[in-house]
Amino acid sequence: MIEVWAREHVDKVVAPIGRGLARLGVRPAHLTVTGLVVTLVGSTLLATGSVVIGALVILGGSALDGLDGSVARASGSDSPRGALLDSVFDRIGETAMFAACSFWLTSRLSPDEGDPALVVLCVLSLGASLVISYLRAKADIGRVEGRGGLMGRAERVILFAAGFIFDQVTVMLWLMAILTWLTVFQRFFKTWRQLSAGD
C-alpha cells in the first residue's frame, strides 16, 4: 500500500539520499547486505528479550535495505542480479523476524502459561508474507502489475515493530495474520484478472 500510494512522496525524500550515497561510492548490494545484517542483529536482540531495542534495530535494517533501489537508480547499476539479491535477502530478514518472535513467545513464559496460538499466528503471518512476495514474482513473470494490497513489506515491518515498541504483541500478531492473508487474496485475484485466460 505504501509502495503504491506513497511512492512519489517517499521518492522525494529517498532519491536525494540515494544520489548522495552513490556519489560516495556506496553500491546497492552494500545496502542490501548491511540491511539484512542489521535485521538479523535486531532479530537476535528481540529473541533474547530486548524487544523494544530489537524492534527499532529491525526498523533500521529495513530502512537501510529500502535505500538500495534509489542508489541503484542513481548510479545506473540496477540489474536482475541486484533485484534477485534484494528479494531473497528480504525474505530471509522476514523469516528471522518471525522466528525471533516465536522464540521470544515460547521462552518468556512457563509452559503452562504460554499461548500456542500466538506461535501459530507467527507461522501464518510468515507464510502469508512469503506468498505475497511469490505472487508479485509470478505477476512479474506474466508481465502484469503485482504490487498492491494492504500489507506490503513496509507495512509488515512497521506493524511488526510497533507491536513490540507499544507492548501490543498479541494484537499485532492477530492483525498481521488477518491482514497478510487478506493481502494474499487481494494480490491473487488482481493478478488472476490481469493474466490471459488462454491457458
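Look a little higher up for the structure.
Residues numbered from 1 in each chain as written. Predicted model: local features only at pLDDT ≥ 70, side-chain atom pairs only at ≥ 80, totals over all residues. Heavy atoms only, no water.

What about the pattern of salt bridges?
Phase 1: Scanning all chains against the criterion turns up 5 salt bridges.
Phase 2: Residues Arg153 and Asp90 are paired through a salt bridge, measuring 3.7 Å at the closest nitrogen-oxygen approach. In this pair, Arg153 is assigned in helix 8 (residues 153–165) and Asp90 in helix 6 (residues 80–107), connecting sequence segments 63 residues apart. By the burial criterion, Arg153 is buried, and Asp90 matches it.
Phase 3: With a closest N to O distance of 3.1 Å, Glu145 and Arg147 form a salt bridge.
Phase 4: Residue Glu145 is classed as partly exposed on the basis of its relative accessible area of 32%.
Phase 5: Within the structure, one salt-bridge network assembled from shared partners comprises Asp65, Asp90 and Arg153. (Salt bridge = Lys/Arg side-chain N within 4 Å of Asp/Glu carboxyl O. Helix = DSSP H or I, 4+ residues; strand = E, 2+ residues; numbered from the N terminus. Buried < 20%, exposed > 50% of the residue type's maximum accessible area, 1.4 Å probe, protein only.)

Section: a nonpolar patch on the surface
Phase 1: Judged by side-chain polarity, Leu40, Leu84, Val88 and Ile92 come together as a nonpolar surface patch covering roughly 330 Å² of accessible area.
Phase 2: If one sorts the elements of the nonpolar patch by residue count, helix 6 sits on top with 3 residues.
Phase 3: Take Ile92: it is sitting in helix 6. (Patch = residues over 30% accessible without salt bridge, like charges linked within 9 Å, V, L, I, M, F, W, Y side chains within 5 Å. Areas by Shrake-Rupley, 256 points an atom, 1.4 Å probe, with all protein chains shown as cover.)

A word on the environment of Ala74
Phase 1: Tracing the chain through its elements places Ala74 in helix 5 (residues 68–75).
Phase 2: Beyond its immediate chain neighbours, meaning those up to four positions away, Ala74 contacts Gly18, Arg19 and Ala22. (Contact = heavy atoms within 4.5 Å.)

Things to note about helix 5
Note on helix geometry: an α-helix contains 3.6 residues per turn, so any two residues three or four positions apart are oriented the same way.
Phase 1: Listed as buried for helix 5 are Asp68, Ser70, Val71 and Ala72.
Phase 2: Once helix 5 finishes, Gly76 follows within two positions and takes phi at roughly 65°, a positive value.

A word on unusual backbone geometry
Phase 1: Residue Arg143 is not a glycine yet carries a positive backbone phi of 60°.
Phase 2: Looking at the element boundaries, Arg143 is found in the loop between helix 7 (116–141) and helix 8.
Phase 3: Relative accessible area serves as the criterion here: at 79%, Arg143 is assigned to the exposed category.
Phase 4: Positive phi values are uncommon outside glycine, yet Asp167 reaches one of about 55°.
Phase 5: Tracing the sequence through the fold places Asp167 in the loop between helix 8 and helix 9 (169–194).

Focus: the packing of aromatic side chains
Phase 1: Considering all chains together, one arrives at 5 aromatic pairs under this definition.
Phase 2: Note on Trp104 and Phe164: the rings are 5.4 Å apart at their centroids and 70° apart in plane angle, and the pair reads as edge-to-face. One end of the pair, Trp104, is in helix 6; the other, Phe164, is in helix 8, and 60 residues separate them in sequence.
Phase 3: We classify Trp104 as buried; its relative accessible area is 12%.
Phase 4: Ring geometry for Phe188 versus Phe189: centroids 5.3 Å apart, planes at 85°, classification edge-to-face.
Phase 5: Accessibility expressed as a relative area gives 35% for Phe188, which makes it partly exposed. (Phe/Tyr/Trp six-rings, centres within 6.5 Å; stacked < 30°, edge-to-face > 60°.)

A word on the environment of Ala137
Phase 1: You can see Ala137 is positioned in helix 7.
Phase 2: On a C-alpha basis, the gap between Ala137 and Ser87 in space is 9.4 Å, while along the polypeptide they are 50 residues apart.

A word on the packing of helix 3 (residues 28–47) against helix 5
Phase 1: Their axes nearest at 8 Å, the elements helix 3 and helix 5 cross at an angle of 175°. By the angle between their directions, the pair helix 3 and helix 5 is classed as roughly antiparallel. Residues Pro28, Leu31 and Thr32 of helix 3 lie in contact with helix 5, whose contacting residues are Asp68, Val71 and Ala72. (Axes fitted to C-alpha atoms, helices over the stretch in contact; angles between N-to-C directions. Parallel < 35°, antiparallel > 145°, perpendicular 65-115°, else oblique.)

Remember that the coordinates give geometry; whether it matters functionally is a separate question.
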